[in-house]
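Spelled out, the chains give:
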Amino acid sequence: MSERLRGWAELPSMIRQIRAARYDVGIDLRGDLRQITFFLALGGMPIRVSSDRTGGARLLTHVWPHDAALHDVEKNLAMASLLGATGRPASMS
């Protein structure tokens, strides 16, 4: 079985493990529709945070509108701010 196929075969078990852990918050920093769907939404997290980079905004409770012009650190900080986080990295102060 190929590595990719093995990963897909393990997905239901991984989703069950995530659901069993009963996480309160899930954050996808990549804005990846697959991760939003499989891990945040199907994982049963009541608070789901990500950007709308590849879609999935309807599956999220907190959506940051993707801005490709920003550095990844700035994007991640913007998503964290949706949950009330504040501050800036020392090099960006």
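Residues numbered from 1 in each chain as written. Predicted model: local features only at pLDDT ≥ 70, side-chain atom pairs only at ≥ 80, totals over all residues. Heavy atoms only, no water.

Draft legend 1. Examining the side chain of Lys-75 more closely. If you trace the backbone, Lys-75 turns up in helix 3 (residues 72–81). The buried category is assigned to Lys-75, whose relative accessible area is 13%. In this structure Lys-75 touches Trp-64, His-66, Asp-67, Ala-68 and Leu-70, once residues within four positions along its chain are discounted. (Helix = DSSP H or I, 4+ residues; strand = E, 2+ residues; numbered from the N terminus. Buried < 20%, exposed > 50% of the residue type's maximum accessible area, 1.4 Å probe, protein only. Contact = heavy atoms within 4.5 Å.)

Draft legend 2. Broad picture of the pattern of salt bridges. Tallied over the full model, the rule gives four salt bridges. A salt bridge links Arg-34 to Asp-32; its shortest N-O distance comes to 2.9 Å. We classify Asp-32 as buried; its relative accessible area is 4%. The salt bridge involving Lys-75 is made with Asp-72; its shortest N-O contact spans 3.5 Å. (Salt bridge = Lys/Arg side-chain N within 4 Å of Asp/Glu carboxyl O.)

Draft legend 3. Broad picture of the sheet that holds strand 2 (residues 47–51). Within the open sheet, the three strands sit side by side as 1-2-3. Their pairing is parallel. Bordering the open sheet on either side are strand 1 (25–27) and strand 3 (62–64), each of which pairs with just one other strand. Ignoring which end each strand starts from, the neighbouring axes of this sheet average 10 degrees apart. The pairing of strand 1 with strand 2 spans three bridges and is classified as parallel. For Gly-26, the partnering residue across the bridge sits in strand 2 and is Arg-48. Taken strand by strand, helix 2 (residues 33–41) contacts strand 1 and strand 2, and its axis lies near 165 degrees from that of strand 2. (Pairing = 2+ DSSP bridges. Axes fitted to C-alpha atoms, helices over the stretch in contact; angles between N-to-C directions.)

Draft legend 4. A look at helix 1 (residues 3–21). Relative to the 27 Å expected for 19 residues at 1.5 Å per residue, helix 1 spans 26 Å between its end C-alpha atoms, a close match to the ideal helical length. Along helix 1, the sharpest change in direction is near 40 degrees and occurs at Leu-11; proline Pro-12 comes one to four residues later. Every buried residue of helix 1 is accounted for by Leu-11, Ile-15 and Ile-18. Where helix 1 is buried, its residues contact helix 2. Looking one or two places after helix 1, you find Arg-22, whose phi comes out positive at around 55 degrees. (Expected span 1.5 Å × (residues − 1). Bend = angle between axes of the 7 residues up to and from the residue.)

Draft legend 5. Representation of a nonpolar patch on the surface. Together, Val-25, Ile-27, Leu-29, Leu-82 and Leu-83 make up a nonpolar patch on the protein surface, roughly 380 Å² of accessible area in all. Here Leu-82 is to be found in the segment after helix 3. Relative accessible area serves as the criterion here: at 30%, Leu-82 is assigned to the partly exposed category. (Patch = residues over 30% accessible without salt bridge, like charges linked within 9 Å, V, L, I, M, F, W, Y side chains within 5 Å. Areas by Shrake-Rupley, 256 points an atom, 1.4 Å probe, with all protein chains shown as cover.)

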